[in-house]
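Structural description and commentary
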There are 2 protein chains.
Amino acid sequence: MKVIQVRHGGGEYPVYVGQGLLGMSSVLDRHLEGRILVVTDDNVGRLYLDRLRPVLGRIDHKRRLILPAGEENKTVASWSRIIDELIALKAQRDATVLALGGGVIGDMAGFAAASYMRGIRVVQLPTTLLAQVDAAVGGKTGVNHAQGKNLIGAFHAPSAVIADLDTLQTLNDRDYRAGLAEVVKYGAIRDPGFFAWLEANAEALTARVPQPLLEAVYQSVRNKAEVVAADEHESGQRALLNFGHTFGHALETATRYQVYLHGEAVAIGMALAARLSEMLGRIAPGTSDRLINLLKRLELPTELPEDQDASRLLNLMRLDKKNRADQIRLILLDDIGKASVVPCPADDIREVL
Amino acid sequence: MKVIQVRHGGGEYPVYVGQGLLGMSSVLDRHLEGRILVVTDDNVGRLYLDRLRPVLGRIDHKRRLILPAGEENKTVASWSRIIDELIALKAQRDATVLALGGGVIGDMAGFAAASYMRGIRVVQLPTTLLAQVDAAVGGKTGVNHAQGKNLIGAFHAPSAVIADLDTLQTLNDRDYRAGLAEVVKYGAIRDPGFFAWLEANAEALTARVPQPLLEAVYQSVRNKAEVVAADEHESGQRALLNFGHTFGHALETATRYQVYLHGEAVAIGMALAARLSEMLGRIAPGTSDRLINLLKRLELPTELPEDQDASRLLNLMRLDKKNRADQIRLILLDDIGKASVVPCPADDIREVL
C-alpha cells in the first residue's frame with residue numbers, strides 16, 4: 001500500500017493505493033465517523049458491497065443507496081435521492097458518505113455530501129481506473145444538466161480516498177484502457193520520468209500486472225495531488241490537466257457520447273494537441289509520434305474518425321467553458337513532460353483537424 | 001455610506017451600508033462582471049427592480065428571474081429554476097448573480113451561484129433588515145427540504161453586499177421589528193457598548209430615523225463580520241450567533257411557522273435564554289430584565305404563549321442540528337455583551353419554559 005497526502009485550501013487528506021483495501025478495516029475505520037451512508041450503483045454494488053462487510057458490520061446507524069449505473073443517471077434527481085437518504089438516516093453534521101463506484105457515483109455522492117447541511121464528510125472508494133487516477137482526487141463534485149455535463153456542482157474535498165486496485169481487475173478492457181489515457185496525460189504534461197517509465201511498462205499495464213499498476217496509479221495520484229495543491233480552484237496550473245480535453249469534449253459532444261468513452265476521446269484529443277504543438281514548432285519533430293506510439297501500445301485510439309466535420313468540431317470547441325472572450329485556449333506541449341495554456345487561432349486548429 | 005470588509009477563508013468582500021445605494025452605479029459597477037442574472041421575488045421586484053436601471057442599462061448580456069415571494073418557495077425547484085436561467089443566459093464562470101431581496105432570495109440565489117459551474121460570483125442586495133444585518137453576510141446559502149429548513153446548501157461568500165437602507169422604509173412594521181431582534185442579539189452576546197447605544201436609541205430605531213438606522217446596521221454587520229472572520233464554518237465562536245435561536249426554532253416548529261416571524265421567535269428565545277442564565281446564577285439579578293425591557297421597547301414579544309406545552313418544546317429542542325451526542329447545547333449570557341455555549345440539563349430548561 002502507498003499513501004499520498006493531498007494538500008488543499010481547507011486542509012489535507014490521504015489517498016491510499018493498494019490491493020485488498022476495501023476489506024481492510026485498519027484503513028477504512030480511521031475515516032468513519034457518525035452515521036454512515038453508502039452510495040453505489042447496481043453494477044458495482046453487486047461486485048463489491050460485500051467487501052465492506054467487515055468494516056460496516058460493526059456500525060449501528062447506516063443505510064445504503066444503490067442507484068442505477070450510467071452517466072445518464074448523473075442528475076439532480078439522483079442527487080436529490082441521496083439527500084433524501086441522508087435525511088432518512090437522520091444524518092447530522094458528523095455523518096459520513098461512502099462513495100463506492102466510478103466517477104459518476106463519486107461526483108454525485110460528493111455533491112450530496114457538499115450540500116447536505118452545507119457540507120458533511122465524504123470518503124471516496126473509486127472502483128475504476130479513471131476515478132482512481134483522476135475523478136476521486138481533487139474535490140470536484142457535481143451532476144449533469146440537460147444542457148451540459150457537470151454544470152451543477154461544488155468543490156468539496158473528500159476526507160479520504162481509498163483506491164483498491166483489486167476492483168480494476170473486473171473492469172472491461174475498454175473502460176480499463178480509457179483510464180490509461182489519463183495516466184499517460186500526467187506523464188505528457190508534467191513528468192518526463194513517469195512518461196519514460198510508462199513507455200517501458202506499457203505491456204505490463206495493459207495486462208494489469210499488479211505491481212506496475214500500483215506504480216502507475218501512485219504516480220498519477222502524486223502528480224494530480226501536486227497540481228491540486230498548487231491550484232485548487234483551477235485558475236492556473238490545474239488547467240493543464242485539460243490536455244487533450246478540449247478536442248476530446250468536442251468529439252464526445254459531436255458523437256453524442258455514444259461512440260467514445262471519455263478516456264478514448266481524450267486519447268484522440270492528446271494526439272491532436274501534440275500534432276498541433278509540432279505543427280506550430282513548439283516541440284521537436286517526432287515528439288508527437290512518441291506520444292502517439294505510447295497511446296497505440298496501450299490500445300487507445302489516436303485518430304479522428306474519417307466522417308468528422310472539422311468546422312463542426314471547431315464550433316463545439318468554441319463553446320468550451322474554459323474559454324473567455326471567445327478565444328480558443330488549448331493546452332499544448334512544450335516537450336514530453338511540459339505543457340502550457342495557449343490561445344490558438346482557429347485556422348491552425350482547423351488544419352490539424 | 002459606510003463600508004465593512006469581511007475577511008473569510010478564501011479572501012474578503014465589502015459590505016456597503018447607506019442610502020440610495022441601489023441606483024448608485026459607482027458602487028455596483030465595481031462588482032459586475034461577465035453576464036448578469038438578477039434574481040428577485042414578485043414583491044421586491046415590483047418595488048426595487050427599477051432602481052437598478054441606471055446600472056443595468058449599460059449591460060448587454062443579462063436576464064432577470066422573478067420568483068414567487070415566501071419561505072414556502074425556498075425549494076430545490078426554485079433553485080433549479082435559477083440554474084436554468086443561468087444556462088439560458090449562457091453564463092460562463094465569470095458571470096455574476098445579483099440577489100435582490102430578503103433572506104429567502106439571498107439564500108437561494110447564493111446557493112445557485114455556489115453550485116453553477118462549481119461556483120460563480122454573487123452580489124447580495126438585501127432589502128430587509130434581517131437580511132442586511134444577518135443573512136446576506138457570512139456566506140451561508142441554501143434551500144429548505146420538506147423535512148427541515150436549510151438542510152441543503154453551501155458556504156459561498158458573496159463578492160459584495162450592498163445594503164440600501166432606503167429599502168427598509170417600505171417594510172411592514174412586523175418585518176422591520178423582527179429584524180431588530182437580530183440587531184439586539186449582537187449587542188447582547190458580544191458588544192456591551194452597542195447594547196447601551198441601542199437602549200439610548202430604541203425609539204429612533206422603531207421610527208426608522210435614517211442616521212440611527214445606519215449606525216445600527218453598520219454595528220451589526222461589523223459584529224457579524226468579526227465573528228465570521230474568526231470562525232467561518234461554525235465550529236466555535238459563530239455558534240454564539242445562535243443566541244435565542246434554539247428556543248426560537250423550537251417555537252417556530254411547534255407553531256408550524258404560522259404564528260411568529262423568525263425574529264419574533266428569536267426575541268422570545270433570547271428572553272428565555274436570559275432568564276435561564278439568571279436562574280443558573282450566570283448573570284446578576286436584573287440583567288435579564290435589562291434585555292427584556294429593550295426588546296419590549298422595540299415592540300418585540302418576550303413571552304411564550306400560554307398554551308405552549310413545555311415538554312413538546314423541549315423535545316423539539318433535542319432535535320436541533322447543533323446538538324451532538326443528544327445533549328442540549330444552549331447559548332447563555334455571562335453578562336450583557338458576553339455569552340457562552342453551555343450544555344444544559346433538561347430539567348432547568350423545562351423550568352424556564
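Rules behind the numbers
- Residues numbered from 1 in each chain as written.
- Chains lettered and ligands numbered in written order.
- Predicted model: local features only at pLDDT ≥ 70, side-chain atom pairs only at ≥ 80, totals over all residues.
- Helix = DSSP H or I, 4+ residues; strand = E, 2+ residues; numbered from the N terminus.
- Rg over C-alpha atoms; globule rule 2.2 N^0.38 Å.
- Buried ≥ 20, exposed ≤ 12 C-beta atoms within 10 Å, placed from the backbone.
- Core = buried A, V, L, I, M, F, W, Y, C linked by C-beta atoms within 7 Å.
- Contact = placed C-beta atoms within 7 Å.
- Pairing = 2+ DSSP bridges.
- Axes fitted to C-alpha atoms, helices over the stretch in contact; angles between N-to-C directions.
- Least-squares fit on C-alpha atoms with pLDDT ≥ 70 in both.
- Domains from an automatic or database assignment.
- Nonpolar A, V, L, I, M, F, W, Y, C, P; charged D, E, K, R; others polar.
- Right-handed = clockwise from strand over helix to strand, strands pointing away.
- pLDDT = per-residue confidence, 0-100.
- Left-handed = near helix turned anticlockwise from the far one by under 90°.

1. Structural notes on the overall build of chain A
Scanning chain A from terminus to terminus reveals 14 helices and 11 strands. Rg of the C-alpha trace for chain A: 20 Å, near the compact-globule value of 20 Å for 353 residues, within the 12% margin. With respect to the three principal axes, the spread of C-alpha positions in chain A is 60 × 40 × 35 Å. Burial statistics for chain A: of 353 residues in total, 50% are counted as buried.

2. A few points about the nonpolar core
If you look at the biggest cluster of nonpolar residues, it comprises 231 residues, and the most contacted ones within it are Val-39 and Ala-112 of chain A together with Val-39 and Ala-112 of chain B. Not counting the four nearest positions on each side in its chain, Val-39 of chain A is found in contact with Leu-65, Leu-67, Ile-82, Val-97, Leu-98, Ala-99, Leu-100, Ile-105 and Ala-109 of chain A.

3. Notes on the sheet that holds strand E6 (residues 121–126) of chain A
Residues and elements named next belong to chain A. With mixed pairing, the seven strands of this open sheet are ordered in space as E1-E2-E9-E6-E5-E3-E4. The outermost strands of the open sheet, each flanked by one partner alone, are strand E1 (2–8) and strand E4 (62–67). Averaged over all pairs of adjacent strands, the angle between strand axes in this sheet comes to 15 degrees, irrespective of strand direction. When strand E5 (residues 96–101) meets E6, the two strands line up parallel, connected through six bridges. What sits directly across from Gly-101, in E6, is Pro-126. Against the sheet, helix H4 (residues 76–88) makes contact with strand E3 (36–41) and E4, and its axis sits at roughly 165 degrees relative to E4, the strand it touches most. In this fold helix H9 (residues 210–230) packs onto E1, strand E2 (11–18) and strand E9 (160–164), with an angle of close to 15 degrees to the strand it touches most, E1.

4. Some details on the relation of the copies chain A and chain B
Overlaying chain A on chain B yields an RMSD of 0.0 Å, the required transformation being a rotation through 180 degrees with an accompanying axial translation of 0.0 Å. Such values leave the two copies arranged in the relation of a two-fold axis. When the interface residues of chain A are mapped onto chain B, 100% of them again lie at the interface, so the same face is used by both copies.

5. A closer look at the sheet that holds strand E3 (residues 36–41) of chain B
All names here are of chain B. The strand order across the open sheet built from seven strands is E1-E2-E9-E6-E5-E3-E4, with neighbouring strands paired in mixed fashion. Each having just a single partner strand, strand E1 (2–8) and strand E4 (62–67) make up the two edges of the open sheet. Put simply, the sheet's adjacent strands are angled 15 degrees from each other on average, direction ignored. As paired strands, strand E2 (residues 11–18) and strand E9 (residues 160–164) are joined by four bridges and run parallel to one another. Note that in E9 the partner of Gly-18 across the bridge is Asp-164. Sitting on the sheet, helix H4 (residues 76–88) touches E3 and E4, and the angle it makes with E4 is about 165 degrees. The sheet contacts of helix H5 (residues 103–115) involve E3, strand E5 (96–101) and strand E6 (121–126), and relative to E5 the element is tilted by about 170 degrees.

6. Observations regarding unusual backbone geometry
Positioned with a positive phi, Arg-256 of chain A is a non-glycine residue whose angle comes to about 50 degrees. By the element assignment, Arg-256 of chain A lies in the loop between helix H10 (245–254) and helix H11 (262–279). Despite not being glycine, Tyr-257 of chain B shows a phi value in the positive range, around 60 degrees. Within the fold, Tyr-257 of chain B resides in the loop between helix H10 (245–254) and helix H11 (262–279).

7. With respect to the domain arrangement of chain A
All names here are of chain A. Structurally, chain A comprises domain 1 (2–170) and domain 2 (173–352). The gap between the C-alpha centroids of domain 1 and domain 2 is 26 Å. With 24 residues of domain 1 at the contact, the number on the domain 2 side is 25 residues. Among the secondary structure elements, those contributing two or more residues to the side of domain 1 that touches domain 2 are E1, E2 and helix H6 (129–135). Along the lines of polarity and charge, the residues of the side of domain 1 that touches domain 2 split into 12 nonpolar, eight polar and four charged.

8. Digging into the pairing of E5 of chain A
Residues and elements named next belong to chain A. The buried count for E5 comes to six of six residues, which makes it a mostly enclosed element. What you see with E5 is no split at all: Thr-96, Leu-98 and Leu-100 on one side and Val-97, Ala-99 and Gly-101 on the other are buried throughout. In the sheet, E3 pairs with E5 via four bridges, with the strands oriented parallel. When the bridges of E5 are listed, Val-38 appears paired with Leu-98. With respect to chirality, the unit in which E5 leads through helix H5 (residues 103–115) into the neighbouring parallel E6 is right-handed.

9. What to know about the interface of chain A and chain B
Each partner contributes residues to the interface: chain A has 25 residues there, and chain B has 25 residues. Broken down by secondary-structure element, the contributors of at least two residues to the side of chain A that touches chain B are H4, H5, strand E7 (140–145) and strand E8 (148–155) of chain A. When residues in the side of chain A that touches chain B are grouped by element, the largest group, five residues, is from E8 of chain A.

10. So, the confidence of the model for chain A
In the predicted model, chain A carries a mean pLDDT of 93, and the fraction of residues at 70 or more is 97%. We note a pTM of 0.92 for the whole complex and an ipTM of 0.90 for its interfaces.

11. Here we look at the pairing of E6 of chain B
All names here are of chain B. Summarising burial for E6: six of the six residues are buried, a large majority. What you see with E6 is no split at all: Arg-121, Val-123 and Leu-125 on one side and Val-122, Gln-124 and Pro-126 on the other are buried throughout. Of the strand pairs in this sheet, E6 and E9 are connected by two bridges, and their pairing is parallel. Within E9, the position partnered with Gln-124 by the bridge is Val-161.

12. Thoughts on the environment of Gln-92 of chain B
All names here are of chain B. When you line up the elements, Gln-92 lands in the loop between H4 and E5. Classification of Gln-92 by C-beta neighbours within 10 Å gives partly exposed; the count is 18. Residues Gln-92 and Met-117, 25 residues apart in the sequence, show an inter-C-alpha distance of 7.9 Å.

13. Some remarks on the packing of helix H7 (residues 173–190) of chain A against H11 of chain A
Residues and elements named next belong to chain A. Look at H7 against H11: their axes get within 7 Å of each other, and the N-to-C directions meet at 35 degrees. Crossing of H7 over H11 shows left-handed handedness. Packed against H7, whose contacting residues are Ala-178, Gly-179, Ala-181, Glu-182, Lys-185 and Ala-188, the element H11 presents His-262, Gly-263, Glu-264, Val-266, Ala-267 and Met-270 at the interface. Its residues assigned to classes, the contact of H7 with H11 shows six nonpolar, three polar and three charged.

14. A few points about H10 of chain B
Taking burial as the measure, the 10 residues of H10 of chain B include eight buried ones, the bulk of the element. In the stretch just after H10 of chain B, Arg-256 of chain B is the one whose phi turns positive, near 50 degrees.

15. Regarding the environment of Gly-139 of chain B
Residues and elements named next belong to chain B. One can find Gly-139 in the loop between helix H6 (129–135) and strand E7 (140–145). The class for Gly-139 is buried, based on 23 C-beta atoms found within 10 Å. Spatially, the C-alpha atoms of Gly-139 and Trp-197 are 28 Å apart, while their sequence positions differ by 58 residues. Setting aside its immediate chain neighbours within four residues, Gly-139 contacts His-8, Phe-155, His-156, Ala-157 and Pro-158.

16. Let's talk about the environment of Thr-206 of chain A
Residue and element names in this part refer to chain A. As for its placement among the helices and strands, Thr-206 is situated in helix H8 (residues 192–206). Of the residues examined, Thr-206 has 16 C-beta atoms within 10 Å and is grouped as partly exposed. The spatial distance from the C-alpha of Thr-206 to the C-alpha of Tyr-13 is 30 Å, given a sequence separation of 193 residues.

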